[in-house]
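Architecture at a glance
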Amino acid sequence: SQKIEQNSEALNIQEGKTATLTCNYTNYSPAYLQWYRQDPGRGPVFLLLIRENEKEKRKERLKVTFDTTLKQSLFHITASQPADSATYLCALERNRDDKIIFGKGTRLHILP
Amino acid sequence: GAVVSQHPSRVICKSGTSVKIECRSLDFQATTMFWYRQFPKQSLMLMATSNEGSKATYEQGVEKDKFLINHASLTLSTLTVTSAHPEDSSFYICSAGQNTDTQYFGPGTRLTVL
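So, here's what we can say about the structure.

1. Describing the pattern of salt bridges
Proximity of charged atoms lets side chains of opposite charge pair with each other. Residues and elements named next belong to chain A. The tally for this structure, following the rule as stated, stands at nine salt bridges over all chains. In this structure, Arg 37 engages Asp 39 in a salt bridge whose closest nitrogen and oxygen atoms are separated by 3.1 Å. For Arg 37, a relative accessible area of 19% puts it in the buried group. Look at Asp 39 and you get partly exposed, because its relative accessible area is 27%. Several salt bridges share partner residues, and in doing so they unite Arg 51, Glu 54 and Lys 57 into one network.

2. Thoughts on the side chain of Ser 25 of chain B
Residue and element names in this part refer to chain B. For Ser 25, the position within the fold is in strand β3 (residues 19-25). Among the polar contacts made by the side chain of Ser 25, one reaches the main-chain carbonyl oxygen of Phe 28 at a distance of 2.7 Å. In this structure, Ser 25 is in contact with Val 3, Ala 30, Met 33, Leu 74 and Thr 75, ignoring residues within four places of it in sequence.

3. A look at the state of the cysteines
Covalent bonding between the sulfur atoms of two cysteines defines a disulfide. Residue and element names in this part refer to chain A. For the coordinates displayed, the defined rule picks out two disulfides over all chains. Through a disulfide, Cys 23 is tied to Cys 90; the S-S separation comes to 2.0 Å. Residues Cys 23 and Cys 90 are joined by a disulfide whose S-S torsion is about -65°; by sign, that bridge is left-handed. Taken as a pair, Cys 23 in strand β3 (residues 19-26) and Cys 90 in strand β9 (residues 86-93) lie far apart in primary sequence, 67 residues in all.

4. A closer look at unusual backbone geometry
Backbone torsion omega between His 7 of chain B and Pro 8 of chain B reads 0°, so that peptide bond is classified as cis. Take Pro 8 of chain B: it is sitting in the loop between β1 (4-7) and β2 (10-13). With phi around 55°, Glu 60 of chain A is a residue other than glycine that occupies positive phi space. Looking at where Glu 60 of chain A falls in the secondary structure, it is placed in the loop between β6 (56-59) and β7 (62-67). You can call Glu 60 of chain A exposed: its relative accessible area is 79%. If you check the backbone angles, Lys 71 of chain A has positive phi at about 55° while not being a glycine. Tracing the backbone shows Lys 71 of chain A in the loop between β7 and β8 (72-77). Lys 71 of chain A sits in the partly exposed class, given a relative accessible area of 29%.

5. A few points about the layout of surface pockets
A volume near 1000 Å³ is recorded for the largest pocket. Listed by contribution, the elements that provide at least two residues to the lining of the largest pocket are β1 (3-6), β9, β10 (100-102) and β11 (106-111) of chain A together with β4 (32-38) and β5 (45-51) of chain B. When residues in the lining of the largest pocket are grouped by element, the largest group, four residues, is from β1 of chain A.

6. As for the interface of chain B and chain A
Taken together, the contacts link 19 residues of chain B with 20 residues of chain A. Summed over both partners, the interface of chain B with chain A comes to about 1600 Å²; 51% of that surface belongs to carbon and sulfur atoms. Seen at the junction of chain B and chain A, the total is zero salt bridges. Between chain B and chain A we count two residue pairs in polar contact (both at pLDDT 80 or more) in total. Where the side of chain B that touches chain A is concerned, the elements lending two or more residues are β4, β9 (90-97) and β10 (103-105) of chain B. It is β4 of chain B that contributes the most residues to the side of chain B that touches chain A, three residues altogether. Tallied by class, the residues present in the side of chain B that touches chain A amount to eight nonpolar, eight polar and three charged.

Rules of the game
Residues numbered from 1 in each chain as written. Chains lettered and ligands numbered in written order. Predicted model: local features only at pLDDT ≥ 70, side-chain atom pairs only at ≥ 80, totals over all residues. Heavy atoms only, no water. Salt bridge = Lys/Arg side-chain N within 4 Å of Asp/Glu carboxyl O. Buried < 20%, exposed > 50% of the residue type's maximum accessible area, 1.4 Å probe, protein only. Helix = DSSP H or I, 4+ residues; strand = E, 2+ residues; numbered from the N terminus. Polar contact = N/O pair within 3.5 Å; in protein donor to acceptor, adjacent residues only side chain to side chain. Contact = heavy atoms within 4.5 Å. Disulfide = S-S within 2.5 Å. 1 Å grid on protein atoms, 1.4 Å probe; cavity = no way out; pocket = protein on both sides within 12 Å on 5 of 7 lines; lining within 4 Å. Points joined across faces, edges and corners; volume = space filled by probe spheres on them. Buried area = accessible area lost by both parts, 1.4 Å probe. Nonpolar A, V, L, I, M, F, W, Y, C, P; charged D, E, K, R; others polar.

Structure below.
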């Protein structure tokens, strides 16, 4: 069955450093991979989408890579700030308007 | 940007009662809305796809007679949890797309069944 694994349940990073989160998947061939931010008691907020034919995408301090051979995506937050503390969800889609499959998320804590 | 709202944000009900949750797209029309459920420290699990003007498509293992979905207009979908039980207590989240690369999620509804 399809499986999405996010590297760790929780990650502590010192303020100012780069936080790197990992998403691995098996038994799936997504055309799209997305990253969301979720704060406690709130719905997810879309951050970035990367297509299978794209290697890297950036948005301000965020960078996502997508390696379809390794079946892995890396999500980087550079110059991390305490306000970046949240749960980050990896999500896969086979086609647009298809259902989205979510990972469990990684709780990121940026330490001041 | 596109905004999706949910009402209520929190609801507490007694076992055996029914609860209705509304999902609205405030500034765009959504022919398709999605309903998810999230248990603590778990991923969002898709329950059903709600299509305007037609029957919802339920994921395997989700009881369609227990989780009634109505998508009466292009801006409103409702999820009714019928005869709720404590195991139905969860965080219910809807999302809507705009035929773009982005799905917009609602803020979620925390359901507690006593």
